[in-house]
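Coordinate analysis (summary)
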Amino acid sequence: MDIKKEKISTPISIKEKSDYRNFPMVPRVVYGKGSFDQLGDILMPHRKNADAPCIFLVDDVFEGTDLISRIPLIFNDQLIFISAEEEPKTVQVDVLVSKIRNDFTEPPSGIIGIGGGTLLDLAKAVAIMLNNPGTSCAYQGWDLVRKPSLYHVGIPTISGTGAEVSRTTVLLGPEKKLGINSDYTIFDQVIMDPELTKGVPKEQWFYTGMDCFIHCIESLNGTYLNAFSQSYGEKALALCKEVYLQDIDASESREKLMMASWHGGMSIAYSQVGVAHAMSYGLSYLLGVRHGLGNCLVFQHLNEFYPDGVALFHKMLKRHNITLPKGITAKLTDSDFDTMITVSLGMVPLWENALGTDWMKIMTPEKLKSIYQKI
C-alpha cells in the first residue's frame, strides 16, 4: 500500500510545534511463551504486607480453567471475575474501587488485569481511581488525572486493542464514551505471553485484530503523522497483513498479532486514531456495540477517507469468511442518531487527525448521519 496516496491533508510535523509532549512508555515488559508463570516473582518486590493485597481483575471466560490455578495468590490477595461482554463503564470502575476500599484497611499493593481490552482498561482505571478522589467520569478527557496511579500490571489474553501499551482507558460514562487519557494510565508492567491467546473465538479474533489494523490505517493517514508514529504504524500494518492475508501457522500468527497490537498502540502515542474510532464511540455509547466490531461496522463504509485500507479490509473479510451484521441502525430514531452524532463529534482530536483543522466543514452532522444510516 502506498501510504502517501491516502493522506487527506498535509501532515503537521511535530517539529513545527513550540514544544514536545513527554509521553511515558511501559517501563517493564516481559515477552515470551510461558512468561505468565513469572508473575509471582514480578509482583513480589511490589508487595507491601499481608494487609495490602494484590487485586486480580480477570475475564470470567477463564473461570474454572487451568489459568486460574497459575495465578500467584498469597496473603489476602483477591481475585475478581469480570464479564467482558459489555464495554467497561465508569460506574463499574467506581463500584470496584468502592469494594476494594471497603474490603481492605490499606491500599492494595497492585492491580493486575488479565484479559482483553475491557479488563486491561478496567485495571488501568481502577489503579488511577484508588489514588485519586471523586468519580471516574470526572477524569474522562485529556490530562485530568493529578496523582500517580497505584502499581498496575497488564496481561493481555487477546491481541489487537493496544490497551496494554496505550495511555488511555476508554470508558462508557453517563454522558459520553471517552478515555481517561493520562501519563498515569500507562501500565507499570506488561507480561506478553502469546500462549494466553490460544482458543480465542474466530470472530472475536478477527474483530479485535481489525482494531489494530484500523489503528494503523488511521494513524498512517492522519494529519498528526510523524516519523515516530509512522515507524510503529508501518510495522504493525505489515504484521497485520501477514496474519490476515498470508498462510502462517497458528503459533507464529499469535506471536505476530501480539506484536502488531503493541506496535499499533504505540503508533498513536504521538498521533491519534481517526474517523472509524470516532464513529464507533457513538455506536458503543448508544447501542453497546463492542469496540472491535464497531470499528469494522464503520470502516467498511469509509472508502472516501481510507480507500486502500478499506480495500484491504474487504480482502481480509473475504479470506476469513467473516460476515458483518447488518441493519444495526435500521430502527433508530432521529433522537438516537443525534445522540450518536453528539458523542462522535465530541472526539475533536480524532477528527482533527483524520481531516485537519477544518474537519467540521467536511464531517457535518448530516454527513455523519448518512454514514451511520448505512450500518
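Let me sum up the structure you'll find in this document. No experiment lies behind these values; they were computed from the predicted model shown.

Our next topic: the overall build of the chain. Scanning the chain for helices and strands turns up 14 helices and nine strands. Its C-alpha atoms give the chain a radius of gyration of 20 Å, within 12% of the compact-globule value 21 Å for 375 residues. Dimensions of the chain, computed from C-alpha atoms along their principal axes, come out at roughly 60 × 50 × 45 Å. Evaluated residue by residue, the chain yields a buried proportion of 55% over its 375 residues. In the chain, of all internal contacts separated by at least 6 residues, the share reaching a separation of at least 24 is 78%. For the chain, the exposed surface amounts to about 15700 Å²; the carbon and sulfur share of it is 51%. Computed over 36 positive and 43 negative side-chain charges, the separation of the two mean positions in the chain equals 4 Å.

Side-chain pairs of opposite charge can arise where the charged atoms are in close proximity. Taken as a whole, this structure holds 17 salt bridges when the rule is applied. With its nearest N and O atoms 2.7 Å apart, the salt bridge here joins Asp-143 to Arg-167. Of this pair, Asp-143 sits in the loop between strand E5 (141-142) and strand E6 (152-156) while Arg-167 sits in the loop between E6 and strand E7 (170-172), and the two are 24 residues apart along the sequence. Within the structure, one salt-bridge network assembled from shared partners comprises Arg-21, Asp-143, Arg-167 and Asp-183.

With that settled, consider the sheet that holds strand E1 (residues 29-31). Strands belonging to one sheet form pairs held by backbone hydrogen bonds; the direction of such a pair is parallel or antiparallel. With parallel pairing, six strands are arranged side by side in an open sheet as E1-E9-E6-E4-E2-E3. Each end of this open sheet is capped by a strand with a single partner; those strands are E1 and strand E3 (78-82). The sheet shows a mean angle of 15 degrees between the axes of neighbouring strands, taken without regard to direction. The pairing of strand E4 (residues 110-115) with E6 spans five bridges and is classified as parallel. In the strand pairing of E6, Ile-112 is matched with Val-153. Each of strand E2 (54-59), E3 and E4 is contacted by helix H3 (residues 90-103), which is oriented at about 160 degrees to E3, the strand it contacts most.

Next up on the list: unusual backbone geometry. Backbone phi values are negative for most residues with the exception of glycine, while trans is the configuration of most peptide bonds. Its identity is not glycine, yet Phe-75 carries a phi of approximately 50 degrees, on the positive side. Among the secondary structure elements, Phe-75 is positioned in the loop between helix H2 (66-69) and E3. Phe-75 sits in the exposed class, given a relative accessible area of 56%. One non-glycine residue with positive phi stands out, namely Asn-321, at about 55 degrees.

Let us look at the pairing of E2. For E2, the buried fraction is high: six of the six residues fall into the buried class. Residue alternation in E2 divides its side chains into two sets, Cys-54, Phe-56 and Val-58 and Ile-55, Leu-57 and Asp-59, and both sets are buried. Bridging between E2 and E4 involves five bridges; their strand directions are parallel. Looking at the pairing, Ile-55 lines up with Ile-111 of E4.

In this description, an aromatic ring pair is defined by two values, namely the gap between the centres and the angle between the planes. Inspection of every chain in the model, using the stated rule, returns eleven aromatic pairs. Ring geometry for Phe-299 against Phe-313: centres 5.6 Å apart, planes inclined by 90 degrees, an arrangement best described as edge-to-face. Taken as a pair, Phe-299 in helix H9 (residues 291-299) and Phe-313 in helix H10 (residues 307-319) lie far apart in primary sequence, 14 residues in all. For the ring pair Trp-351 and Trp-359, a centre distance of 5.9 Å and an interplane angle of 15 degrees mean the geometry is stacked. As far as the burial class goes, Trp-351 and Trp-359 line up, both buried. Through successive ring pairs, a cluster of aromatic residues spans Trp-205, Phe-206, Tyr-207, Phe-213, Tyr-244, Phe-299, Tyr-306 and Phe-313.

Another point: the packing of helix H11 (residues 334-345) against helix H14 (residues 365-372). Orientation of H11 relative to H14, taken along the N-to-C sense of each, is 115 degrees, at an axis distance of 10 Å. Considering the angle they form, H11 stands roughly perpendicular to H14. Between H11 and H14 the crossing geometry is right-handed. Residues Asp-334, Phe-337, Met-340, Ile-341, Ser-344 and Leu-345 of H11 form the contact with H14, whose own contacting residues are Pro-365, Leu-368, Lys-369 and Tyr-372.

Taken together, three strands build an open sheet; the order of strands is E5-E8-E7 and the sheet is mixed. At either margin of the open sheet sits one strand with a lone partner, and together these are E5 and E7. Of the pairings in the sheet, the one linking E7 to strand E8 (residues 177-181) comprises three bridges and is antiparallel in character. If you follow Val-170 over to E8, its bridge partner there is Gly-179.

Conventions adopted
- Residues numbered from 1 in each chain as written.
- Predicted model: local features only at pLDDT ≥ 70, side-chain atom pairs only at ≥ 80, totals over all residues.
- Heavy atoms only, no water.
- Helix = DSSP H or I, 4+ residues; strand = E, 2+ residues; numbered from the N terminus.
- Rg over C-alpha atoms; globule rule 2.2 N^0.38 Å.
- Buried < 20%, exposed > 50% of the residue type's maximum accessible area, 1.4 Å probe, protein only.
- Contact = heavy atoms within 4.5 Å.
- Areas by Shrake-Rupley, 256 points an atom, 1.4 Å probe, with all protein chains shown as cover.
- Lys, Arg positive; Asp, Glu negative; His and termini not counted.
- Charge placed at Lys NZ, Arg CZ, Asp CG, Glu CD.
- Salt bridge = Lys/Arg side-chain N within 4 Å of Asp/Glu carboxyl O.
- Pairing = 2+ DSSP bridges.
- Axes fitted to C-alpha atoms, helices over the stretch in contact; angles between N-to-C directions.
- Phe/Tyr/Trp six-rings, centres within 6.5 Å; stacked < 30°, edge-to-face > 60°.
- Parallel < 35°, antiparallel > 145°, perpendicular 65-115°, else oblique.
- Left-handed = near helix turned anticlockwise from the far one by under 90°.

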